[in-house]
Every structure is written in structure tokens, then in C-alpha cells.
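# Survey of secondary and tertiary structure
Single-letter residue listing:
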Amino acid sequence: MFLSDFRKEFYEVIVTQRVLLFVAADVDALCACKILQALFQCDHVQYTLVPVSGWQELETAFLEHKDQFQYFVLINCGANIDLLEILQPEEEAFFFICDTHRPINVVNVYNETQIKLLVKQDDDLEIPAYDDIFRDEDEDESGNESDGSEPLGKRKRFEEDIVERTMKRRQRREWEARRKDYSLPFEVQYCYTSNLIPNWRVVKVISSKYSQEILFDYEQYEYHGTSSAMVMFDLAWIMSKDLNDMLWWAIVGLTDQWVQDKITQMKYVTDIGTLQRHVSRHNHRNEDDENSLSIDCMRIAFEYDLRLALYQHWSLYESVCNTCYTSASFKLWSVQGHKRLQEFFADMGLPLKQVKQKFNSMDIALKENLHEMIEESASKFGMKNLRVQTFSIHFGFKNKFLASDIVYATASLMENIEKDEPGTDNFIKALDSLSRSNLDKLHQGLELAKKQLRAIQQTVASCICTNLVMSQGPFLYCYLMEGTPDVKLFSKPVSLCLLSKYLLKSFVSSTKNKRCKLLPLIVAAPLDVEQGTVIMVGIPPETESSDKKNFFGRAFEKAAESTNSRILHNHFDMSIIELKMEDRSKFLDALISLLS
């Protein structure tokens with residue numbers, strides 16, 4: 001059920017309770033968590049935080065804690081599957097879900113008792129109507145007595161009888177365990193939902209061709225909605241408890257969606273505009289204000305800055321070489337590409353000695369008009385979008401960071417493979433790096449991010465130079481062999497997704513095949529050699545008008561079903577799967593057949 005008043009229906013409900021927070025392992029979720037933690041600290045709310053990286057961890061953590069809590073908050077997980085079927089909770093448990101994953105599962109939408117969705121209603125959700133996909137069990141048993149268009153009043157007359165005959169919890173679990181997933185092909189199958197009455201009741205998925213088409217159209221594409229950090233900041237703003245720190249976390253959450261290419265450029269610019277108004281409100285400066293020094297301690301500013309990764313904490317040369325947009329434009333995996341890069345710097349009048357040293361050490365005279373110089377030269381080399389709308393933060397007079405710097409640093413800390421530490425430890429370090437009191441962790445994250453970007457760029461160059469990206473007909477495919485440098489890094493989902501997007505953009509700029517430029521990409525990498533598993537991700541085509549909708553989640557599911565391939569949909573993004581190595585060939589053959 002969608003909540004309309006987050007303050008009354010969510011925050012005021014949990015503020016006097018003990019709460020369990022399930023937080024997904026992505027930067028936007030961490031930022032939303034930080035905002036909620038700050039609100040909880042203001043109101044002395046007791047809570048327990050549990051990081052979860054996939055459905056298995058979520059289910060295990062819930063089983064471990066379910067007897068101690070009645071209220072559960074899920075951030076960036078739980079919306080896109082039937083949560084009650086997965087977790088099998090008691091009827092007294094309530095779940096508040098703030099999740100960017102779309103589409104939202106219809107059972108979660110129409111459950112009015114236990115599932116509460118914290119979702120912005122201005123997102124284009126396109127939820128199917130209840131009567132188009134569900135019908136009461138009693139209606140089905142009545143045969144021809146009902147034509148399926150039963151009015152609301154008649155439905156309500158059955159409520160008392162339905163409540164009396166509601167299945168016991170144990171019977172319901174046993175019966176539901178036998179229920180197949182209601183994905184295509186659609187048969188007459190059962191699922192639980194709640195509508196109009198506060199108790200559980202059994203409904204059927206209508207097995208008509210009409211409802212099959214409706215559900216297929218609704219569920220076939222995976223995409224992302226408004227940043228969870230922005231949703232939580234809106235809650236803080238409504239309650240007049242929004243702080244500059246919270247605003248910065250909302251900015252970082254939105255920037256994470258842009259860096260990971262999860263939202264369209266139009267959506268990004270629109271949300272930037274929304275946040276810009278809050279930035280103006282929180283960071284206005286009056287020269288005569290006695291508190292101007294305290295404002296200087298943390299100041300957020302709107303920037304029209306360069307689209308270069310970490311350039312203020314790196315050398316300009318390294319940043320240009322390891323940024324996806326510039327690397328693909330120059331084709332830096334070739335000798336000719338490096339010649340063009342040197343011509344680019346020469347056109348700006350920047351000596352290589354200057355651009356190869358740390359950005360902070362460059363001559364001040366060169367840095368004064370750097371943005372304009374780079375933009376002017378970039379347009380000559382075909383890079384017309386080298387500047388982007390973003391925000392920066394100043395801590396005092398020394399430390400300045402762009403929002404994208406924080407995203408790269410936090411993501412790298414979360415997927416750090418240098419030390420063999422539990423995922424929970426990395427999660428806590430990444431969460432701590434978002435606090436301005438932990439700048440040492442942030443700088444550590446920046447160094448890890450540089451290594452990650454170098455590894456990605458070297459792998460992209462290797463894949464293109466050795467022709468590892470192959471056309472399989474309806475999609476492009478690349479498999480990273482065991483023994484590939486940095487292959488362990490790409491067993492992590494965020495790093496693999498980032499590599500996939502860099503690789504597709506670079507391949508599109510290098511190939512002369514016009515058809516291949518319009519194809520999506522699947523990238524697979526070894527996950528666990530001992531168990532013989534690979535991690536596989538599918539991303540949509542690289543086009544200017546791309547709506548960022550991904551059809552691979554449903555396609556993977558269907559291909560595995562038709563070949564009995566052993567796959568695991570353990571990640572919250574359905575377009576990321578784990579697959580047994582020996583099933584890879586038949587799985588890909590089925591995928592080619594399905595999408596051709």
C-alpha cells in the first residue's frame with residue numbers, strides 16, 4: 001500500500017517503537033540510512049541496523065531478528081518481489097519499504113495491512129488496476145453466477161464470511177510454499193493480498209489473456225525511481241528537521257544514480273533542480289552575518305563542473321584517461337587515441353608536466369580558466385557534454401569534494417577486496433565515510449576509487465584490443481576469464497555494473513558496425529571458482545534517447561526456466577544473476593533464442 005502522508009503514517013508510527021533497519025549495499029541506500037539515523041537520533045528512537053547485500057541475507061537476518069521486532073524498515077530492497085511470500089512474517093509484523101527498484105510488485109501494492117510503501121507518487125509507476133489482475137476465490141467458485149464485473153458493494157458483503165474462513169497461519173504457509181512463482185507463463189495460480197479489509201484473504205491471478213498481457217507489460221522492464229535518500233530528505237524537510245548534512249546525503253544519493261547510469265538525464269536534471277532550491281535555502285550567505293564563519297565550516301554549492309572522475313584529487317591526465325566519457329571519446333586503448341589526447345592538451349596550451357602532477361599542485365594561473373579552456377577544446381574533439389550540473393561541498397577552507405567524488409569513494413570502500421574482511425565491516429566503513437568527522441576514511445576511499453577506475457579502464461582496453469566483446473545476435477556478450485587481472489574486483493556487483501557500462505560505451509565508440517551500436521550487453525565474470533559459479537549482468541543499449549529500462553531480469557528468468565539452468569536471483573537488481581559455469585552455454589543459447 002502506498003503511503004500518502006509519510007510523517008503521520010510512517011514516522012509517527014515508528015518513533016515510539018523499536019525498529020529494525022535493513023539497508024541494501026549501495027551508496028543511495030547508505031545516504032538514506034544516514035538521514036534516517038539522524039532523525040532517529042533527534043527523537044531517541046531505538047533501532048538496529050542490519051546491512052543486506054541480497055535476498056538470502058535479508059531472509060536470514062529477518063529470521064534471526066523477527067521475534068524481537070514488530071516494525072521493519074527496508075531501504076532499497078523489498079519492493080520488486082512479493083516480500084511476504086519470501087519472509088513469511090507473522091501478521092503483527094509491519095514493513096515500511098523505501099526502494100528505488102521498479103516495477104513494484106503488485107502484491108505489495110495491494111496489501112493494505114503489512115506492506116507500507118514510501119514511494120513518491122509523481123514517479124511514473126503505471127500500476128495495473130486491482131480488478132484487471134486479481135479476483136476473489138469466492139467469485140471463481142460461483143461459476144457463471146458472476147460475470148467478473150462484480151460491484152464494490154457486493155464484494156463487501158462477502159467480507160465477514162471471508163474473514164471467518166481465513167486460513168490459519170500454518171496452513172497458509174504450507175499451501176503457499178507449494179505455490180509456483182506467478183511469472184510467465186501465467187496459469188491459474190494463487191497469491192495473497194489484502195484489499196478493502198484488514199485481514200488476509202486468498203485471491204487468484206486471473207488467467208485470462210488480457211491479464212497476462214497487462215502483467216507482462218508491467219513487469220517486463222526493470223528501472224529505477226526517485227532516489228531513496230531524496231525521499232528521506234523530503235520526510236525530514238516536512239518535519240522541519242532537515243539539516244545541511246542531510247541535504248548533502250540526498251545530493252550524494254541522487255549522484256549515485258547518475259554515476260551508475262540508473263536514471264535518465266532528464267530525471268537527473270529535474271531532481272538537481274529540486275535539490276538546488278534546498279541548497280539555496282540552507283547555504284545563503286550574508287556578509288554581515290556574525291555566523292558566516294560557522295557556515296564556512298560546511299558549505300554546499302551548485303556547480304557546473306567537469307565530467308572528470310576525481311580530477312581534483314588526482315592528476316588531470318589520469319582523470320581524463322580513466323573517465324569513461326573521455327576515454328571512450330579519445331579511444332585511449334589505441335596508439336592513435338593517445339596521440340589525440342596529447343593534441344587535446346596542446347590545444348588548451350597545457351604542458352604535460354603540469355597535467356601529470358596532482359591537480360592541487362598545478363599553477364594557479366592555469367587553473368583559473370581551466371573549465372572554459374577544457375570545454376572549448378573538448379567541443380573541437382567531439383565532446384560536447386564534458387560539463388555537468390552537480391554540487392560540491394566545502395569543509396572549512398581546505399577540503400572540497402564533488403558529489404561524484406563521494407560516490408566513487410563510498411562505493412569503493414563498500415566493495416574493497418584488498419583486505420579479506422566481512423562485508424559488514426566494509427559496509428560500516430563506507431557508512432562512516434559519509435560523515436564529515438571521518439575524512440580519513442573518505443580519503444582512503446578516494447585512493448581505492450582510483451585503483452578501481454584504473455582496473456576498469458585497463459580491463460576495457462584489454463577486452464576491446466583482444467575482441468572479447470562478441471555479437472551474439474540480439475545482444476553483445478563478454479566473459480572475463482579466470483586469471484584476468486583484477487577479476488576478483490569484478491565479482492562484486494557495483495564494480496561489474498560500472499565495468500559493463502564503461503565497456504559498452506567504449507565498444508560503441510570503437511565499432512563500425514551500426515547494428516552493434518544499438519545492442520545491449522551481457523558481461524560475466526567468475527564468482528566462486530570452487531563452487532563453479534559466475535556472476536552475470538545485463539545492461540540496456542547505449543543510446544542518447546535511452547530510458548534506462550532493462551529487460552534482462554525477466555529474460556534471464558525465462559531462459560533459466562526453459563533450460564533448467566541453475567541460476568540464483570540473489571541480488572536486488574534482477575538483471576544481476578549468479579549462474580553455474582557448466583550451464584552457461586545452454587543458458588546463453590536459450591537467451592539468444594528468446595530475444596531473437
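Check the entry above for the structure.
What comes next concerns the included structure. (Residues numbered from 1 in each chain as written. Predicted model: local features only at pLDDT ≥ 70, side-chain atom pairs only at ≥ 80, totals over all residues. Heavy atoms only, no water.)

## Digging into the layout of surface pockets
Taken as a whole, the second largest pocket spans an internal volume of roughly 1300 Å³. Lining the second largest pocket are 45 residues; nearest its centre among them are Trp258, Arg307, Tyr325, Lys505 and Glu542. When contributions to the lining of the second largest pocket are tallied by element, the ones reaching two or more residues are α13 (244-259), α14 (265-282), β11 (299-306), α17 (324-330), β12 (387-395), α22 (403-414) and α25 (493-510). Considering each element in turn, the lining of the second largest pocket owes the most residues, six residues, to α25. The residue makeup of the lining of the second largest pocket, split by class, is 21 nonpolar, 12 polar and 12 charged. Each of domain 2 (295-455) and domain 3 (468-595) gives at least three residues to the lining of the second largest pocket. (1 Å grid on protein atoms, 1.4 Å probe; cavity = no way out; pocket = protein on both sides within 12 Å on 5 of 7 lines; lining within 4 Å. Points joined across faces, edges and corners; volume = space filled by probe spheres on them. Helix = DSSP H or I, 4+ residues; strand = E, 2+ residues; numbered from the N terminus. Nonpolar A, V, L, I, M, F, W, Y, C, P; charged D, E, K, R; others polar. Domains from an automatic or database assignment.)

## Concerning the sheet that holds strand β13 (residues 399-402)
An order of β11-β12-β13 is seen for the three strands of this open sheet, with the pairing classed as antiparallel. The sheet is open, and its two edges are formed by β11 and β13, each paired on a single side. Across this sheet, the average inter-strand angle for adjacent strands is 30°, counted without regard to direction. Sheet topology places β12 next to β13; four bridges connect them, and they run antiparallel. Pairing of His394 across the sheet is with Lys400, part of β13. (Pairing = 2+ DSSP bridges. Axes fitted to C-alpha atoms, helices over the stretch in contact; angles between N-to-C directions.)

## Here we look at empty space enclosed by the protein
One pass over the full model with this rule turns up two cavities of 30 Å³ or more. When its volume is computed, the largest cavity comes out at roughly 70 Å³. Around the largest cavity, the lining residues are Asp245, Trp248, Trp249, Met298, Ile393, Phe395, Ile406, Ser433, Leu434, Ser435, Arg436 and Leu442. Going through the elements one at a time, α13 and β12 are the ones with two or more residues in the lining of the largest cavity. Examining the composition of the lining of the largest cavity, we find that three residues originate from one element, α13, more than from any other.

## Considerations on the packing of aromatic side chains
Summed over the entire model, instances satisfying the criterion amount to 24 aromatic pairs. One aromatic cluster is present, formed by Tyr317, Phe330, Phe344, Phe345 and Phe381 through successive ring pairs. Above the face of the Tyr317 ring, Lys356 is positioned so that its terminal group lies 4.7 Å from the ring centre. It is Arg584 that lies over the ring of Tyr479; its NZ or CZ is 4.0 Å from the centre. (Phe/Tyr/Trp six-rings, centres within 6.5 Å; stacked < 30°, edge-to-face > 60°. Lys NZ or Arg CZ within 6 Å of the ring centre and 35° of its normal.)

What is shown is where atoms sit, not what they do.
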